[in-house]
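# Residue-level structure breakdown
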Amino acid sequence: MLNKKICWVPMYSNIKEFASTRIRLHYPNESINKYHNEKYESKIGFDIETDILIIQKRIDNQTLNYVKVFDGFKVFDFDDPVHDKPLFNEMMANVDIVTTDTLGRKEHFDSLKTGKECFVIDDCLDYGIVDILETPDVKNKLSWFGNYPNVQSIRWMMPHIINSNYELNLITDVRYINAEPPIFKTAWSLDTFVDELRKSNVCVLSHLGSDSGIKSNNKMIASIACGVPAIVNASRSYEELAKEFNLNFAIVNDEHSLKNALSILNYADSRKKYLSEIQPYILNSLSTKVITEKLIKLIEKYA
């Protein structure tokens with residue numbers, strides 16, 4: 001029996017530089033070829049000769065033409081707002097199923113009544129982490145990472161962090177950033193990120209904007225997998241994961257709760273307790289291999 005062939009159309013051509021394309025396309029593509037090569041062949045780039053086409057949140061005339069001429073099974077995957085794009089309705093009319101990263105996004109998509117079924121495929125763990133990493137042996141050092149405009153989401157924390165004698169390292173695009181100690185800046189790099197993050201004992205995370213209730217927890221799970229507990233604010237997915245493992249103290253909404261969480265997690269024993277259940281869960285349940293198996297089962301059910 002010949003293998004079924006899958007092709008992916010990425011949102012970004014530099015697939016390793018953008019988290020969404022790494023997590024939702026690059027890693028699954030590699031995982032299919034590694035763990036499911038007895039049944040599937042997977043490649044990046046449109047190929048009309050393949051059996052399954054997966055579009056990664058790209059909606060433009062060229063991609064719509066790909067979908068229209070493709071005779072196989074078509075999946076549209078998104079992890080950003082796409083419903084306001086001019087070609088959205090036409091794209092939906094020409095795909096078979098839709099996948100997204102969070103229940104919140106699915107709920108919003110379902111409210112649009114496109115007539116297409118939408119399924120949640122969680123974000124897999126980023127940065128290629130596969131083993132348990134112990135919590136770093138440091139104190140009073142915090143980190144944040146993400147696209148620089150989103151640092152506004154933790155702006156309210158900064159005076160309290162400084163007044164409590166903590167350092168804060170912003171791992172991000174540093175070209176246009178001015179920072180003065182105890183706030184520092186570090187250039188994000190795929191190759192150095194894990195080591196840079198592990199120079200801190202805690203990561204502070206929040207989501208910015210009106211869609212904070214539908215964004216995924218991919219940064220939180222990456223930080224925890226690195227052995228760096230996350231203190232979180234204003235995010236449904238962050239808070240749900242923390243509550244699942246009775247880490248409510250790490251959900252902060254004001255100065256008092258922030259300082260309490262920072263104080264608790266400044267001690268290595270407290271960090272080890274924080275990580276004891278949630279870190280193995282992330283490595284075992286949100287690995288690329290596990291998430292890719294969910295995608296394959298979904299395709300096999302509907303294709």
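### Describing the sheet that holds strand E8 (residues 167–172)
- A sheet is described by the order of its strands in space; here five strands give the open sequence E9-E8-E7-E10-E11, paired in parallel fashion. Here the strands that pair on one side only, and so sit at the sheet edges, are strand E9 (183–187) and strand E11 (230–233). Strand-to-strand twist across the sheet, computed as the mean angle between neighbouring axes with direction ignored, equals 25°.
- Relative to E8, strand E7 (residues 141–145) runs parallel, the two sharing five bridges.

### A short note on helix H4 (residues 103–111)
- Within H4, the full set of buried residues consists of Gly104, Arg105 and Phe109. For H4, the angular spread of buried residues about the axis comes to 135°, placing them on one side.
- In this structure, the buried side of H4 is in contact with strand E4 (73–78), helix H3 (88–94), strand E5 (97–100), strand E6 (118–120) and helix H8 (236–244).
- Where H4 ends, the next residue or the one after it, Lys113, has phi of about 55°, a positive value.

### Description of the packing of helix H7 (residues 218–225) against helix H10 (residues 268–285)
- Remark: H7 packs on H10, axes separated minimally by 9 Å, with the N-to-C direction vectors making an angle of 115°. Between H7 and H10, the interaxial angle falls into the category roughly perpendicular. Relative to H10, H7 is oriented so that their crossing is left-handed. In this structure, H7 contributes Met220, Ile221, Ile224 and Ala225 to the contact, and H10 contributes Tyr274, Leu275, Ile278, Gln279, Ile282 and Leu283.
- Among the residues forming the contact of H7 with H10, the class breakdown is nine nonpolar, one polar and no charged.

### Focus on the sheet that holds E4
- Across the sheet, which stays open at both edges, the six strands sit in the order E2-E1-E3-E4-E5-E6 with parallel pairing between neighbours. Across the chains shown, the open sheet's two edge strands, defined by having one partner strand only, are strand E2 (40–44) and E6. Averaged over all adjacent pairs, the angle separating strand axes in this sheet is 25°, with direction ignored.
- For E5 and E6, the ladder comprises three bridges, and the chain directions are parallel. Paired with Thr99 across the two strands is Phe119, which belongs to E6.
- In the packing of helix H1 (residues 19–35) onto the sheet, the strands contacted are strand E1 (4–9), E2, strand E3 (52–56), E4 and E5, and the crossing angle to E2 comes to about 145°.
- Its contacts with the sheet place helix H2 (residues 61–69) against E1, E3 and E4, and it is angled at close to 160° to E3.

### Side note on H1
- For H1, built from 17 residues, the straight-helix expectation of 24 Å at 1.5 Å per residue is met to within 8% by its first-to-last C-alpha distance of 22 Å.
- For H1, the principal kink sits at Pro28 and spans about 25°.
- For H1, the tally of buried residues reaches 12 of 17 residues, placing the bulk of the element in the interior.
- Along H1, the residues classified as buried are Ser20, Thr21, Arg22, Ile23, Arg24, Leu25, His26, Tyr27, Pro28, Asn29, Ser31 and Ile32.

### Considering the nonpolar core
- Counting 72 residues, the largest nonpolar core has Leu168, Leu205, Met220, Ile231 and Tyr274 as its most contacted members.
- Contacts of Ile231, omitting those with residues within four sequence positions, involve Val202, Cys203, Val204, Leu205, Ala250, Val252, Leu258, Ala261, Leu262 and Leu265.
- Of all hydrophobic cores here, the second largest spans 19 residues; its members include Cys7, Val67, Phe70 and Phe109.

### A short note on the pairing of E1
- Pairing analysis gives five bridges linking E1 to E2, with the strands arranged parallel. By the bridge assignment for E2, Lys5 is matched with Glu41.
- Remark: the E1/H1/E2 crossover connection has right-handed handedness.
- Pairing analysis gives four bridges linking E1 to E3, with the strands arranged parallel. Opposite Trp8, over in E3, you have Ile54 as the bridge partner.

So, how was this worked out
- Residues numbered from 1 in each chain as written.
- Predicted model: local features only at pLDDT ≥ 70, side-chain atom pairs only at ≥ 80, totals over all residues.
- Heavy atoms only, no water.
- Pairing = 2+ DSSP bridges.
- Helix = DSSP H or I, 4+ residues; strand = E, 2+ residues; numbered from the N terminus.
- Axes fitted to C-alpha atoms, helices over the stretch in contact; angles between N-to-C directions.
- Buried < 20%, exposed > 50% of the residue type's maximum accessible area, 1.4 Å probe, protein only.
- Arc of directions from axis to C-beta.
- Contact = heavy atoms within 4.5 Å.
- Parallel < 35°, antiparallel > 145°, perpendicular 65-115°, else oblique.
- Left-handed = near helix turned anticlockwise from the far one by under 90°.
- Nonpolar A, V, L, I, M, F, W, Y, C, P; charged D, E, K, R; others polar.
- Expected span 1.5 Å × (residues − 1).
- Bend = angle between axes of the 7 residues up to and from the residue.
- Core = buried A, V, L, I, M, F, W, Y, C linked by side-chain atoms within 4.5 Å.
- Right-handed = clockwise from strand over helix to strand, strands pointing away.

In short, shape yes, function no, at least from these values alone.
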